[in-house]
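Structural overview for review
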Amino acid sequence: MESVEYDNFLHYSSRLLMADVLGDVYVEFSKLKSPNSQFMFTRALLREHKMLIDTLDFNVEYDKPTVSTIIRHTGNEFFKAKQYAKAADMYTKCLVGSDSNSESYALALANRSAAYLHMCQFELCLRDARWAMGSKYPSKMAYKLYERAGHAERFLGLVERAIQSYAECLTRLDESDMSAEDKSKYRIVIEKSAKDCEQVLAEHKRKTKSPRPDELVGGRNEHIPALSAFVELRMSENMGRGVFATRDINPGDVVAIDEPYICGPISDNVEVCHYNGCLKLDMALYPCQKCLLVYYCNKDCMNKANEDGHYLECPIMCFIKSTPGISRINELAMKWFLKDYLKMGLKKYCSLVDNFSKSKIDPQTRGFDETGQYKSDNFLTAYSLDSKENKLSIDVLFFFNCIAVDMLHYLMLSGLQIPECYIGTVGASLVHIIIVLDLNCRKLNIDAPTISFQGKRQLTLTIALTLYPTISLFNHSCDPNIERSGELSDRKRVMKAIQPIPKGTQLFATYGIIFKGHDKKSRQDLCNKGFNFKCYCQPCIKNWPTCHYIPNRLSTLNILNPSMADIVSSECKKFVEFKKSAKLEDYCQHLNYLYSFIKLLFNNVKRPFELYEDCLEMIRIGHTISSNEIYFSDT
C-alpha cells in the first residue's frame, strides 16, 4: 500500500528526519520480529523525542453567560419580527459562546429550531430540536420541542416518527405550566396532527406489499452459518482461500447473509447512528452531550454505545479525529478495541491476541473457532482476517505503530489503566486491528450500507465503513458473479448470484474494480496499490476490452453452440426491445426473465458480449431496494 493514501503520512517521520535519526529508526525497527517489540520500540521512541501530548486539557473559554443571554434575546426580537434568518444567526452566535452543558445553550438550540421551522429548513429544525432534547432544556417547556419535531418530521415525510413525537408531546404537556383550558385546546390540535399522520401511514401500508425475507439457497452452511450450504472454502493456487460452489447456483440465489462485526459512519456529513449495533439512517440525531462528535438515533443506542466503551473514547474523540492516517479507520479501530477489551477484560483479551500472534494458523481454517465454526460475531474471526501485514513496507508499518501509540496514549491519559507488562500486547493488537480494517473495510466498501437517490437509483452514496467477516471470504474479480442485494441502507448485507455459477466455480465479489471501466493495466495497478495482490480473474487473464469496445453483434466468432444460433438470435432481438421499454424502477419485476436470458447467453455466447453485460447491469439494479420510509401527507 502506498503512503499517499494516508492523511499526514509524514507527521511522525518528518520530526525524526529533522532529528537526523529516521534512517537508523527504520533499520532498528526492521530488525524487530514480534509485533509487541515493534510497538514498545515505537512508544519509547515517540516518548524520547517528546512527540506525545502531556495533557487532554483544552483551556476553552466561553463568553460570560450574561453576554450569551443578551445575544439570544436579540435573536428573540428578530424572531418576533418574523426575521427568521437573522434570528437563526443570533442563536448560532449564542451557541458558539455558550457552554454546551448549560441551559443557555439548550435554549438557543430550541429557539434556532423554531426559526428553522418557519424557514422551512425542516432537517435543520429537527436536528436542533433533537439536540435540545438531550441537553438541559427546561422540562416544563419540553413539549414544544416534541411538537416542533413532529411538524418537521411530518413535512419530511417521516410520518411514523412524527406520530411518536406527537405522542411524546402530549405526555410532556402535563409538565407544562399552561392552564387546564389552554392544555385542552393544545391537546386537540396535536391529536389532529397525529391522526392525519396515522391516516397517511395506514394508506401506505394498504398499498405496500411486504417483501419475502431472503433465505440462503440450500439453507445455512454447516461450518460458516452466514454462507449457503451450496458452497465451501477451498485453497486455490493464485488467490489463496476462496469460496467455491458445490452445486450449480442460479442468478438470484442468496449465497451469503452477513452482519458487520464493527461499523460506523463513513463521514461527518452522513446522518447515521454511530452505535455499532444500529447504523440507522436518520435526518436528525442526538449528539453525545460531552464530546458532541458522535450521534445516535435515540437514547437507547446512546446508552448501549456507552456500554461498549464510548465513555472511554469520549474525552479523546477530538484527538482521534486529528490523528494521522485515515480518521474513520482510527475511530473504528478504537471502537472495536474498547468493545472487546471491556467485554473480555484485560487478561483474557491479552491472552487471546498473544496466542493468536504466536500460533501457526492453517490458511484455510483461519478464523474458525475450536468447534470448527466461522462466525461473524466472533472476535478472533474478525481479528484473523487477512491483513497482508508481511507485505507492508517498513515506513507504512512504522506509521501504523505510531498511530496506535498515539491512540493508546490518549486512552491512558483519559484514565484507562493498563499495567506496563500488558502495554506491548494491547498496543500490538491495536496496530493489527488498524491494519485489518485498513485492508478489509476498503476492500468491501462496495458492500457497505448505501443510500440511493430518489429517481436515480443508479446513483448511490456509501454511508458506512463496515467490516463483514464472512463476506471478506469472497475473492475479487473484475467480473463478479455475486453482488449485494436488498435494502441499500441495511447493515445486514445479503449477497446474491448475478450470473450462473456452475458447480466447482469460485464465487467472486468485486472490490470496486470492474473490467468495463478500466483497461487491464489500470485494473492491475489498482489491485496492487490498494490491496497488494495481482488479479487473476478471466477479464484480466484474457484481457477483455472496456465498455466502448465490447462486441455487440452475434457471429460465428462468439456463438459457442452453433445449433442454438437461431434461438439465441431471436431472444437477443426480444431483449433489445424489452430494454427499450423497461423502466429502471421496474427491473425488479422482470428478474425471472432477466435470469433466463442471462443463462441462455452464459451457455451459448462467448463473453464479453454487450447484451450479456446489459442484462447483468439490469439484474444488479433489480436486486437493490431503496425504501427509506418516506410518505408525504397533505400539510
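Keep in mind that what you see is a predicted model, and the values were worked out from it rather than measured.

1. Re the overall build of the protein
Helix and strand counts for the protein stand at 22 helices and 14 strands. Relative to the globule expectation of 26 Å for 635 residues, the C-alpha radius of gyration of the protein, 28 Å, shows essentially globular dimensions. With the principal axes as the frame, the protein shows a C-alpha extent of 85 × 65 × 45 Å. Counting only contacts in the protein whose residues sit at least 6 apart along the sequence, the fraction spanning at least 24 positions is 69%. Looking at the protein as shown, the accessible area adds up to about 30200 Å², and 51% of this sits on carbon and sulfur atoms. Of the charged side chains in the protein, 80 are positive and 77 negative, and the gap between their average positions amounts to 3 Å.

2. Re the packing of aromatic side chains
For any two aromatic rings, the description comes down to two numbers: the centre-to-centre distance and the angle of the planes. Summed over the entire model, instances satisfying the criterion amount to 31 aromatic pairs. Centroid distance Tyr-26 to Phe-398: 5.8 Å. Interplanar angle 85 degrees. Geometry classified as edge-to-face. Taken together, the residues span a long stretch of sequence, with Tyr-26 in helix 2 (residues 22-31) and Phe-398 in helix 16 (residues 394-413) at a distance of 372 residues. Among the residues examined, Phe-398 registers a relative accessible area of 2% and is labelled buried. Between the aromatic rings of Phe-79 and Tyr-84, the centroid separation amounts to 5.2 Å while the plane-to-plane angle is 70 degrees, which identifies the pairing as edge-to-face.

3. Section: the nonpolar core
With 149 residues, the main nonpolar core has Trp-336, Phe-337, Phe-400, Leu-437, Phe-474 and Leu-507 as its most contacted residues. Per element, the largest residue contribution to this core is 13 residues, and it comes from helix 16. Among residues more than four places away in sequence, those in contact with Phe-337 are Tyr-349, Leu-411, Leu-416, Val-426, Ser-429, Leu-430 and Ile-433. If you look at the next biggest cluster of nonpolar residues, it comprises 24 residues, including Ile-559, Val-568, Phe-609 and Tyr-612.

4. Some words on the pattern of salt bridges
Taken as a whole, this structure holds 27 salt bridges when the rule is applied. The salt bridge involving Glu-483 is made with Arg-620; its shortest N-O contact spans 2.9 Å. Of this pair, Glu-483 sits in strand 11 (residues 482-487) while Arg-620 sits in helix 22 (residues 610-623), and the two are 137 residues apart along the sequence. Side by side, Glu-483 and Arg-620 carry an identical accessibility label, which is buried. Between Glu-577 and Lys-580 there is a salt bridge, with its nearest N and O atoms 3.5 Å apart. Of this pair, Glu-577 and Lys-580 both sit in helix 20 (residues 565-581), three residues apart, which is roughly one turn of the helix.

5. A word on the environment of Arg-130
Looking at the element boundaries, Arg-130 is found in helix 7 (residues 122-133). Here the alpha-carbon distance between Arg-130 and Lys-542, two residues 412 residues apart in the chain, equals 56 Å.

6. A word on helix 7
Its twelve residues place the ends of helix 7 16 Å apart at the C-alpha level, agreeing with the 16 Å of an ideal helix rising 1.5 Å per residue. By the criterion of burial, helix 7 is predominantly enclosed, with nine of the twelve residues buried. When we look at burial in helix 7, the residues that qualify are Phe-122, Cys-125, Leu-126, Asp-128, Ala-129, Arg-130, Trp-131, Ala-132 and Met-133. Buried residues along helix 7 sit in contact with helix 6 (103-118), helix 8 (142-155), helix 9 (159-172), strand 5 (286-287), strand 6 (295-296) and helix 11 (299-313).

7. Focus on unusual backbone geometry
When glycine is set aside, most residues are seen to have a negative phi, and most peptide bonds are trans. The linkage connecting Arg-607 with the following residue, Pro-608, adopts the cis geometry, with an omega of 0 degrees. Examined against the element boundaries, Pro-608 turns out to sit in the loop between helix 21 (591-604) and helix 22. In this structure, Lys-82 is a non-glycine residue whose phi angle is positive, near 60 degrees. Assignment of secondary structure puts Lys-82 in the loop between helix 4 (65-80) and helix 5 (84-96).

8. Some remarks on the packing of helix 20 against helix 22
Direction vectors running N to C along helix 20 and helix 22 enclose 45 degrees, while the axes themselves pass 11 Å from each other. Put simply, helix 20 runs oblique to helix 22. Considering only the axes of helix 20 and helix 22, their crossing is left-handed. Of the residues in helix 22, those in contact with Cys-572, Phe-575, Val-576, Phe-578 and Lys-579 of helix 20 are Leu-611, Asp-614, Cys-615 and Met-618. Taken together, the residues of the contact of helix 20 with helix 22 break down into seven nonpolar, no polar and two charged.

9. A look at helix 8
Here helix 8 contains 14 residues, and its C-alpha end-to-end distance of 21 Å stays within 8% of the 20 Å for a straight helix at 1.5 Å per residue. Taking burial as the measure, the 14 residues of helix 8 include twelve buried ones, the bulk of the element. Ala-142, Tyr-143, Leu-145, Tyr-146, Glu-147, Arg-148, Ala-149, Gly-150, His-151, Ala-152, Glu-153 and Arg-154 are the residues of helix 8 that are buried. Directly beyond the C-terminal end of helix 8, a positive phi value near 85 degrees is found at Gly-157.

10. As for the pairing of strand 11
When you tally the buried positions in strand 11, you get six out of six residues, the bulk of the element. Taken together, the four bridges between strand 11 and strand 12 (residues 493-497) define a ladder with antiparallel strand orientation. Residue pairing across strands places Glu-483 opposite Lys-496, the latter belonging to strand 12. Two successive antiparallel strands, strand 11 and strand 12, enclose a turn made up of five residues.

11. Here we look at the pairing of strand 1 (residues 231-236)
As defined by bridge partners, strand 1 adjoins strand 2 (residues 240-245) across six bridges and the pair is classed as antiparallel. Across the sheet, Glu-232 pairs through a bridge with Phe-244, a residue of strand 2. The hairpin turn running from strand 1 into strand 2, its antiparallel successor, is three residues long.

12. Quick notes on the side chain of Asp-354
Positionally, Asp-354 belongs in helix 14 (residues 346-358). For the buried Asp-354, no salt bridge exists, and the shortest N-O distance to an oppositely charged side chain is 4.6 Å, to Lys-358. In contact with Asp-354, not counting residues within four places along its chain, are Asn-36 and Thr-425.

13. Quick word on the environment of Glu-198
With respect to the helices and strands, Glu-198 occurs in helix 10 (residues 180-207). Taking the C-alpha atoms as reference points, Glu-198 and Ile-163, 35 residues apart in sequence, are found 7.1 Å from one another.

14. What about the confidence of the model for the protein?
Across the protein, pLDDT averages 89, with 92% of residues at or above 70. Highest mean pLDDT in the protein belongs to helix 21 (97); lowest belongs to strand 8 (residues 456-462) (55). Segment residues 454-458 is flagged for pLDDT under 50; beyond a separation of four residues in sequence, or across chains, it makes eight contacts in the model. Confidence over residues 628-635 falls short of pLDDT 50; this stretch has 28 contacts with residues more than four positions distant or in other chains.

15. Re the environment of Gly-150
For Gly-150, the position within the fold is in helix 8. For Gly-150, a relative accessible area of 0% puts it in the buried group. As for Gly-150 and Ser-102, which are separated by 48 residues in sequence, their C-alpha atoms are 25 Å apart.

Rules and cut-offs
- Residues numbered from 1 in each chain as written.
- Predicted model: local features only at pLDDT ≥ 70, side-chain atom pairs only at ≥ 80, totals over all residues.
- Heavy atoms only, no water.
- Helix = DSSP H or I, 4+ residues; strand = E, 2+ residues; numbered from the N terminus.
- Rg over C-alpha atoms; globule rule 2.2 N^0.38 Å.
- Contact = heavy atoms within 4.5 Å.
- Areas by Shrake-Rupley, 256 points an atom, 1.4 Å probe, with all protein chains shown as cover.
- Lys, Arg positive; Asp, Glu negative; His and termini not counted.
- Charge placed at Lys NZ, Arg CZ, Asp CG, Glu CD.
- Phe/Tyr/Trp six-rings, centres within 6.5 Å; stacked < 30°, edge-to-face > 60°.
- Buried < 20%, exposed > 50% of the residue type's maximum accessible area, 1.4 Å probe, protein only.
- Core = buried A, V, L, I, M, F, W, Y, C linked by side-chain atoms within 4.5 Å.
- Salt bridge = Lys/Arg side-chain N within 4 Å of Asp/Glu carboxyl O.
- Expected span 1.5 Å × (residues − 1).
- Axes fitted to C-alpha atoms, helices over the stretch in contact; angles between N-to-C directions.
- Parallel < 35°, antiparallel > 145°, perpendicular 65-115°, else oblique.
- Left-handed = near helix turned anticlockwise from the far one by under 90°.
- Nonpolar A, V, L, I, M, F, W, Y, C, P; charged D, E, K, R; others polar.
- Pairing = 2+ DSSP bridges.
- pLDDT = per-residue confidence, 0-100.

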